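Structural overview
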Amino acid sequence: MTSQRLYRPPSTCARLRLRRSLQCGKLSTSLGSAFARNTTLSIYHPVGTCAILPKRCGGVVDPVLRVYGVKGLRVVDASVMAILPSAHIQTAVYGIAERAAEIIAKEWK
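Residues numbered from 1 in each chain as written. Predicted model: local features only at pLDDT ≥ 70, side-chain atom pairs only at ≥ 80, totals over all residues. Heavy atoms only, no water.

Re the environment of Val61
- As for its position among the elements, Val61 is in the loop between helix H3 (29-39) and helix H4 (90-108).
- Sequence separation between Val61 and Ser79 is 18 residues; the distance between their C-alpha atoms is 9.7 Å.
- Beyond its immediate chain neighbours, meaning those up to four positions away, Val61 contacts Cys50, Ala51, Ile52, Leu53, Arg66, Val67, Tyr68, Val75 and Val80. (Helix = DSSP H or I, 4+ residues; strand = E, 2+ residues; numbered from the N terminus. Contact = heavy atoms within 4.5 Å.)

So, the side chain of Ser79
- Within the secondary structure, Ser79 sits in the loop between H3 and H4.
- Its relative accessible area of 8% is what places Ser79 among the buried residues.
- Filtering out sequence-adjacent residues up to four positions away, Ser79 remains in contact with Val47, Gly48, Thr49, Cys50 and Ala51. (Buried < 20%, exposed > 50% of the residue type's maximum accessible area, 1.4 Å probe, protein only.)

A closer look at the nonpolar core
- The biggest cluster of nonpolar side chains holds 11 residues, and these are Val47, Val61, Leu65, Val67, Val75, Ala78, Val80, Met81, Ile89, Ile96 and Ala100.
- Residue contacts for Val67: discarding those within four places in its chain leaves Val60, Val61, Leu73 and Val75. (Core = buried A, V, L, I, M, F, W, Y, C linked by side-chain atoms within 4.5 Å.)

Considerations on the side chain of Asp62
- Relative to the helices and strands, Asp62 is located in the loop between H3 and H4.
- Polar side-chain contacts of Asp62 include one of 2.8 Å to the backbone nitrogen of Arg66.
- The contact partners of Asp62, leaving out residues within four places of it in the chain, are Ile52 and Tyr68. (Polar contact = N/O pair within 3.5 Å; in protein donor to acceptor, adjacent residues only side chain to side chain.)

Let's talk about the environment of Tyr68
- When you line up the elements, Tyr68 lands in the loop between H3 and H4.
- For Tyr68, a relative accessible area of 26% corresponds to the partly exposed category.
- Taking C-alpha positions, Tyr68 is 7.3 Å from Lys55, a pair spaced 13 residues apart along the chain.
- Setting aside its immediate chain neighbours within four residues, Tyr68 contacts Leu53, Pro54, Lys55, Gly59, Val60, Val61 and Asp62.

Structural notes on H4
- An ideal rise of 1.5 Å per residue puts 27 Å on 19 residues; H4 measures up with 27 Å between its terminal C-alpha atoms.
- Residues of H4 that are buried include every one of Ile96, Ala100 and Ile103, and no others. Seen along its axis, H4 keeps its buried residues to an arc of 65 degrees; they face one direction. More than 90 degrees from the buried face of H4, the exposed residues found are Thr91, Tyr94, Glu98, Lys106 and Trp108. (Expected span 1.5 Å × (residues − 1). Arc of directions from axis to C-beta.)

Some details on the confidence of the model for the protein chain
- Looking at the protein chain, the pLDDT average stands at 80 and 68% of residues meet or exceed 70.
- Predicted confidence in the protein chain is weakest over helix H1 (residues 3-6), with a mean pLDDT of 50, and strongest over H4, with 95. (pLDDT = per-residue confidence, 0-100.)

Describing the pattern of salt bridges
- As enumerated under the stated definition, the model contains 3 salt bridges in all.
- Among the salt bridges present, the one from Asp62 reaches Arg66, with a minimum N-O distance of 3.0 Å.
- Taking the relative accessible area as the measure of exposure, Arg66 reaches 39% and is therefore partly exposed.
- Two residues, Arg74 and Glu107, come together in a salt bridge whose shortest N-O distance is 2.6 Å. With Arg74 in the loop between H3 and H4 and Glu107 in helix H4, the pair connects residues that are 33 residues apart, well separated along the chain.
- According to the relative accessible area criterion, Glu107 is partly exposed, its value standing at 46%. (Salt bridge = Lys/Arg side-chain N within 4 Å of Asp/Glu carboxyl O.)

Written out as structure tokens, the structure is:
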């Protein structure tokens, strides 16, 4: 999906209706919902779906990024982070990838 399809700015009429409703102190649920749907954008970053945790705690990946119970498979992406950092995840993913490269290179030596 392109960003143009995800975000559609509200029409002038919709903005005027919303402003009038807010000034009158009455905002209809349908108008408010429509405005929110058409003017918000998600920057959701999925993390933790394959968290590095002990298996007994629901973890999927061990500290060297191997998937529990599957031979020869590692996960090297944002899904191994057990919690969402308070910053953008891109630098954390770079760190995970660098660490994975070190682990794999060490095993092949």
